[in-house]
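Architecture and fold: a report
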Amino acid sequence: MNAQPRFFAPLARLLHWLMALMIIAMLFIGAGLAASVSERHEWLIHLHKPLGIAILALVIVRLMVRFATRQPPLPTDLPLWQVLAAKASHVLLYALMLVLPLLGWAMISAAGDPVMLGSSVQLPALVGADAPLFAVLRKAHGYLAYLLFLTVLLHLAAALFHGLIRRDGVLQSMTGTQE
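This one's a predicted model, so the numbers in the text were calculated from it and none came from an experiment. (Residues numbered from 1 in each chain as written. Predicted model: local features only at pLDDT ≥ 70, side-chain atom pairs only at ≥ 80, totals over all residues. Heavy atoms only, no water.)

1. A closer look at the overall build of the chain
Put simply, the rule reads: Runs of H or I in DSSP of at least four residues are treated as helices and runs of E of at least two as strands, each being numbered from the N terminus. Type-normalised accessible area, obtained with a 1.4 Å probe on protein chains alone, sets the label of each residue: buried when under 20%, exposed when over 50%, and partly exposed for intermediate values. The contact rule is simple, with two residues in contact once any of their heavy atoms fall within 4.5 Å. The Shrake-Rupley method, run with a 1.4 Å probe sphere, supplies the accessible areas, and residue values consider only the shown protein chains as cover.
The helix and strand tally for the chain stands at five helices and two strands. Beginning at the N terminus, the succession of helices and strands in the chain can be written as α-α-α-β-β-α-α. When each of the 179 residues of the chain is scored for burial, the buried share is 33%. Considering only contacts in the chain between residues 6 or more positions apart, those separated by 24 or more positions represent 70%. Carbon and sulfur atoms form 72% of the exposed surface of the chain, whose accessible area is close to 11,200 Å².

This is how it looks when you write it as C-alpha cells:
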C-alpha cells in the first residue's frame, strides 16, 4: 500500500519557491509601475511583461506537476474551516497566477501595443486595440494584483502559523526539511 508522501515532489517545491520569488518581484515591479512616471517606467515595463509571461508558463507547468503527483495530506486534527480556507486559498492563488498574466497581455493588446519578449519575439494580440476595454482591463489587473498581494500575505501567515505555532509539518512539506 502506498503511504501518503510527507513532502511535495522536488519539482513542485522548486516551482513553488521559484514562482514565489517571481511573484513577489512582480508585485513590487507592478507597484513601481503604478507609482512611477519617471524614466524607470519603461525599464519596469520591459521587466514586467516577460516576467508575467514566464509566470503564466510556469503556473501551467506547476498545475501539470500538481495533478501528476501526490501531495502530503493536511493534518487530521486541522479544523474544517482551516481545511476549507487552505483549499480555497490555493484555488485562488492558482486562478490569480493564471488570470493576471492573461489580463496583462490582453490589456497591452487593447492598448494597441505589441507584447514583446525581448527585442525580437512578439506575442499575438489577445484582443484588438480598444481604449475602453483597455481601461477596464487595467483596473481589473490592478485590483486583482492587490488581491494576489493579500492572498500571498495570508498564505505566508498560514505557513508561519503551521511552522512556528502548530509545528505540524505543513511548512516542512514544502521546504523539504525534517521536523
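2. Comments concerning helix α1 (residues 10–35)
It helps to recall that an α-helix has 3.6 residues per turn; residues three or four apart then point in one direction. The test is simple: Any helix carries an expected span of 1.5 Å times its number of residues minus one.
With 26 residues, α1 should cover 38 Å at 1.5 Å per step; its first-to-last C-alpha distance of 38 Å lies within 8% of that length. Where α1 is buried, its residues contact α2 (40–68), α3 (80–110), α4 (131–166) and α5 (170–175).

3. Side note on the UniProt feature "domain: Cytochrome b561 bacterial/Ni-hydrogenase" (unreviewed entry) in the chain
This is how the line gets drawn: UniProt positions are given in the numbering used here, feature names are shortened, and annotations may be inferred rather than shown by experiment.
As recorded in UniProt, the feature "domain: Cytochrome b561 bacterial/Ni-hydrogenase" (unreviewed entry) lies at residues 9–176. Measuring from the first to the last C-alpha atom of residues 9–176 gives 9 Å, for a span that is 76% helix and 4% strand.

4. What to know about α4
Convention followed: Distance and chemistry together define a polar contact, namely a pair of N or O atoms within 3.5 Å, with one atom able to donate a hydrogen and the other to accept it when in protein, and with adjacent residues in sequence counting only for side-chain atoms on both sides.
Between its first and last C-alpha atoms α4 spans 50 Å; for 36 residues at 1.5 Å apiece the expected length is 52 Å, and the two agree. Inspection of α4 places L137, H141, L148, T151, H162 and G163 among the buried residues, and these make up the whole buried set. Buried positions along α4 lie against α1, α2, α3 and α5. A distance of 3.1 Å separates the backbone nitrogen of L133 from a side-chain oxygen at the start of α4, and that oxygen is part of D130.

5. Looking at the environment of L51
Checked against the element boundaries, L51 lands in helix α2. C-alpha of L51 to C-alpha of M22: the two residues are 29 residues apart in sequence and 7.3 Å apart in space. Residues in contact with L51, not counting those within four places in the same chain, are M22, A25, M26 and I29.

6. Looking at the confidence of the model for the chain
For the record, the criterion: Predictor confidence is given residue by residue as pLDDT, running from a minimum of 0 to a maximum of 100.
When pLDDT is averaged along the chain, the result is 93, and 98% of the positions lie at 70 or above. The least confident element of the chain is strand β1 (residues 115–117), whose mean pLDDT is 82; the most confident is α3, at 97.

7. Considering the UniProt feature "transmembrane region" (unreviewed entry) in the chain
Following the UniProt record, the feature "transmembrane region" (unreviewed entry) maps to residues 14–38, 50–68, 88–108 and 143–165 here. In residues 14–38, the share of helix is 88% and the share of strand is 0%. The end C-alpha atoms are 35 Å apart. Its end C-alpha atoms 27 Å apart, residues 50–68 is made of 100% helix and 0% strand.

8. Considerations on the nonpolar core
Defined as follows: In this description, a nonpolar core means a group of buried Ala, Val, Leu, Ile, Met, Phe, Trp, Tyr and Cys residues linked to one another through side-chain atoms lying within 4.5 Å.
Core analysis: the biggest nonpolar cluster contains 25 residues, and M19, I23, L51, I55, M97 and L148 have the highest contact counts within it. Secondary structure elements with two or more residues in this core: α1, α2 and α3. Here this core takes nine residues from α1, the largest share from any one element. Contacts of I23, omitting those with residues within four sequence positions, involve I55, M97, L148 and V152. If you look at the next biggest cluster of nonpolar residues, it comprises six residues, including L56, I108, V115 and L123.

9. Focus on the packing of α2 against α3
In plain terms, the rule: What counts as an axis is a line fitted to C-alpha atoms, over the stretch in contact for a helix, and the angles between N-to-C directions run from 0 to 180 degrees. Crossing handedness follows the turn of the near helix against the far one: under a right angle anticlockwise gives a left-handed crossing, and clockwise gives a right-handed one. Three classes are used: nonpolar for Ala, Val, Leu, Ile, Met, Phe, Trp, Tyr, Cys and Pro, charged for Asp, Glu, Lys and Arg, and polar for all others, with Gly counted as polar.
The contact between α2 and α3 brings their axes to 9 Å, and the two run at 145°. Between α2 and α3 lies a crossing of left-handed hand. In this structure, α2 uses K49, G52, I53, I55, L56, V59, I60, R62, L63 and R66 to contact α3, whose residues at the interface are Y94, M97, L98, P101, L102, W105 and I108. Across the contact of α2 with α3, the residue classes tally to 13 nonpolar, one polar and three charged.

10. Details of the pattern of salt bridges
As a reminder, the rule being used: Salt bridges are defined by distance alone: a side-chain nitrogen of Lys or Arg within 4 Å of a carboxyl oxygen of Asp or Glu.
Counted according to the given criterion, the structure contains two salt bridges. The closest approach of N and O atoms between R166 and D77, which form a salt bridge, is 2.7 Å. Residue R166 is located in helix α4, and its partner D77 is located in the loop between α2 and α3; the two are separated by 89 residues in the primary sequence. Accessibility expressed as a relative area gives 56% for D77, which makes it exposed. Across the pair R166 and D168 runs a salt bridge whose closest N-O atoms are separated by 2.6 Å.

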